[in-house]
Amino acid sequence: IVQTPIKTRYSLYFNLSAMVMLAFLPKNISHKLRQEQSFDEHGRPYWKTPAKFEAVLDRIRKDGYLMMFGSDNLALRIAAPVWNHKHNLAGVLAISVLWDEDSQKPAEAEQKQLLESLCSKAKELSF
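Remember, predicted model here, so these are calculated numbers, not experimental data. (Residues numbered from 1 in each chain as written. Predicted model: local features only at pLDDT ≥ 70, side-chain atom pairs only at ≥ 80, totals over all residues. Heavy atoms only, no water.)

**Regarding the overall build of the protein**
Per the secondary structure count, the protein includes five helices and four strands. Put simply, the protein runs from its N terminus to its C terminus through helices and strands in the order β-α-α-α-α-β-β-β-α. Relative to the globule expectation of 14 Å for 127 residues, the C-alpha radius of gyration of the protein, 15 Å, shows essentially globular dimensions. Summarising its shape, the C-alpha atoms of the protein cover approximately 45 × 35 × 25 Å along the three principal directions. Residue burial in the protein is summarised as follows: out of 127 residues, 37% are buried. A sequence separation of at least 24 residues applies to 52% of the contacts in the protein between residues at least 6 apart. Accessible surface, the protein: about 8100 Å² in total, of which carbon and sulfur atoms supply 54%. (Helix = DSSP H or I, 4+ residues; strand = E, 2+ residues; numbered from the N terminus. Rg over C-alpha atoms; globule rule 2.2 N^0.38 Å. Buried < 20%, exposed > 50% of the residue type's maximum accessible area, 1.4 Å probe, protein only. Contact = heavy atoms within 4.5 Å. Areas by Shrake-Rupley, 256 points an atom, 1.4 Å probe, with all protein chains shown as cover.)

What follows is the structure in structure tokens.
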């Protein structure tokens, strides 16, 4: 499922799809979303300072995706933008790979393969 910025509510400072959206949405839309969920109330528990969160958004813009482990270290999450024909953000394709304490997290090679596959599929879905 390609997640879109208009049809779904996200925790802007925790959800990977939302962070990718914030990184690539036009500033006026990003600003409006941030007004609805203030950093002090919603983002500070995860990022401590606005500068740390902005650094993540800058990294997303540079890398073209976001890959993070869950705070419980039992999930690998990856999100990448899907573009429309005008190269504007149309949505985000994301995946979560979960494991429990008895199973192992994916090896580095598997993580790299998941990232490459997701980014390739996001590019393929772009229109």
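What follows picks up the thread again.
**Some words on helix 3 (residues 39-47)**
Among the residues of helix 3, those classed as buried are Phe39, Gly43 and Trp47. Buried positions in helix 3, seen along its axis, are confined to an arc of 35° and lie on one side of it. Facing away from the buried side of helix 3, by more than 90 degrees, are the exposed residues Glu41 and Pro45. Considering only its buried residues, helix 3 is in contact with helix 1 (16-24), helix 4 (50-63) and strand 2 (66-69). (Arc of directions from axis to C-beta.)

**Thoughts on the side chain of Gln111**
Structurally, Gln111 is set in helix 5 (residues 108-125). Among the polar contacts listed, one links the side chain of Gln111 to the backbone oxygen of Pro106, at a separation of 2.7 Å. In this structure Gln111 touches Met67, Phe69, Leu76 and Pro106, once residues within four positions along its chain are discounted. (Polar contact = N/O pair within 3.5 Å; in protein donor to acceptor, adjacent residues only side chain to side chain.)

**Brief notes about the packing of aromatic side chains**
In total, this model carries seven aromatic pairs according to the counting rule given. For the pair Tyr13 and Phe53, a centre-to-centre distance of 4.9 Å together with 65° between the ring planes defines the contact as edge-to-face. One end of the pair, Tyr13, is in the loop between strand 1 (2-3) and helix 1; the other, Phe53, is in helix 4, and 40 residues separate them in sequence. Side by side, Tyr13 and Phe53 carry an identical accessibility label, which is buried. For the pair Phe69 and Trp99, a centre-to-centre distance of 6.2 Å together with 75° between the ring planes defines the contact as edge-to-face. Of this pair, Phe69 sits in strand 2 while Trp99 sits in the loop between strand 4 (89-98) and helix 5, and the two are 30 residues apart along the sequence. (Phe/Tyr/Trp six-rings, centres within 6.5 Å; stacked < 30°, edge-to-face > 60°.)

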